[in-house]
Amino acid sequence: MDIFSKIAAGEIPSYKCAENDEFYAFLDINPVAVGHTLVIPRREVDYIFDMEDDELGRFQQFAKQVAVAMKKAFPCRKVAQVVLGLEVPHAHIHLIPMNSEADVDFRREKLQLTPEQMKETAEKIYAMFQQ
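Quick caveat: nothing in here was measured; it's all calculated off a predicted structure.

Parameters at a glance
Residues numbered from 1 in each chain as written. Predicted model: local features only at pLDDT ≥ 70, side-chain atom pairs only at ≥ 80, totals over all residues. Heavy atoms only, no water. Helix = DSSP H or I, 4+ residues; strand = E, 2+ residues; numbered from the N terminus. Rg over C-alpha atoms; globule rule 2.2 N^0.38 Å. Buried < 20%, exposed > 50% of the residue type's maximum accessible area, 1.4 Å probe, protein only. Contact = heavy atoms within 4.5 Å. Areas by Shrake-Rupley, 256 points an atom, 1.4 Å probe, with all protein chains shown as cover. Lys, Arg positive; Asp, Glu negative; His and termini not counted. Charge placed at Lys NZ, Arg CZ, Asp CG, Glu CD. Disulfide = S-S within 2.5 Å. 1 Å grid on protein atoms, 1.4 Å probe; cavity = no way out; pocket = protein on both sides within 12 Å on 5 of 7 lines; lining within 4 Å. Points joined across faces, edges and corners; volume = space filled by probe spheres on them. Nonpolar A, V, L, I, M, F, W, Y, C, P; charged D, E, K, R; others polar.

## So, the overall build of the protein chain
Scanning the protein chain for helices and strands turns up three helices and five strands. From first element to last, N terminus to C terminus, the protein chain shows the α and β order α-β-β-β-α-β-β-α. For 131 residues, the compact-globule estimate of 2.2 N^0.38 gives 14 Å, and the C-alpha radius of gyration of the protein chain, at 14 Å, lies within 12% of that figure. The C-alpha extent of the protein chain, read off along each of the three principal axes, is 35 × 30 × 30 Å. Counting over 131 residues, the protein chain shows a buried share of 44%. When contacts within the protein chain are restricted to residue pairs at least 6 apart in sequence, long-range pairs at least 24 apart make up 57% of them. A total of about 7600 Å² of accessible surface is found on the protein chain, and carbon and sulfur atoms cover 52% of it. Computing the positive centroid from 15 side-chain charges and the negative centroid from 21, the protein chain places the two 8 Å apart.

## A word on the environment of Arg-58
Structurally, Arg-58 is set in helix α2 (residues 53-73). Dropping the residues within four chain positions of it, Arg-58 is found in contact with Glu-22 and Phe-23.

## Topic: the environment of Ala-18
Within the element layout of this structure, Ala-18 appears in strand β1 (residues 16-19). In this structure Ala-18 comes out as buried when scored by relative accessible area, which is 0%. Separated by 108 residues in sequence, Ala-18 and Tyr-126 have C-alpha atoms that sit 5.5 Å apart. Those residues within four positions of Ala-18 in sequence are excluded, and the remaining contacts are Tyr-24, Ala-25, Phe-62, Val-66, Tyr-126 and Phe-129.

## Some details on the state of the cysteines
Covalently bonding the sulfur atom of one cysteine to the sulfur atom of another cysteine gives a disulfide. All chains considered together, the criterion is met by zero disulfides. Cys-17 carries a free sulfur, and the closest cysteine sulfur to it, the one in Cys-76, is 14 Å from it. A residue is classified by how much of its surface remains accessible, and Cys-17, at 0% relative accessible area, is buried.

## Here's the deal with the layout of surface pockets
The space that makes up the largest pocket amounts to roughly 400 Å³. Looking at the largest pocket, it is lined by 22 residues, and the ones nearest its centre are Phe-4, Asp-28, Ile-29, Asn-30 and Leu-38. Elements supplying a minimum of two residues to the lining of the largest pocket: α1 (3-8) and β2 (23-27). The leading source of residues in the lining of the largest pocket is α1, at three residues. Taken together, the residues that form the lining of the largest pocket break down as 13 nonpolar, six polar and three charged. Of the pockets and cavities examined, the second largest pocket occupies roughly 180 Å³. Lining the second largest pocket, in full, are Asp-46, Tyr-47, Ile-48, Val-83, Leu-84, Gly-85, Leu-86, Val-88, His-90, Ala-91 and His-92.

This is the structure we're talking about:
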């Protein structure tokens, strides 16, 4: 079981933003912006394009629902969707609130948020997702 599967199963703590039977969304612990969220399938699959078409469609629909909740929780021009990362062998989408393209620069210094700030951020997104 990889680290993201353990997070989705509750074996490793996370800041949950949204979930359903197939997918799980949680805050990135090294965010580039407040609200930076990772969306994953609960099923272990390394490469997003190895997902079956219908599953990939549902994955995108779930990510869209999370993005809508994020935009309500943290008003911004758009929510960026980025598929990036080789460090974890589990398909994932980064959702990042943005007002400019600079907000999605993964090379810049990551934010250092307190556990309380992370908890508050996740709760805001989760509350909007539930609406």
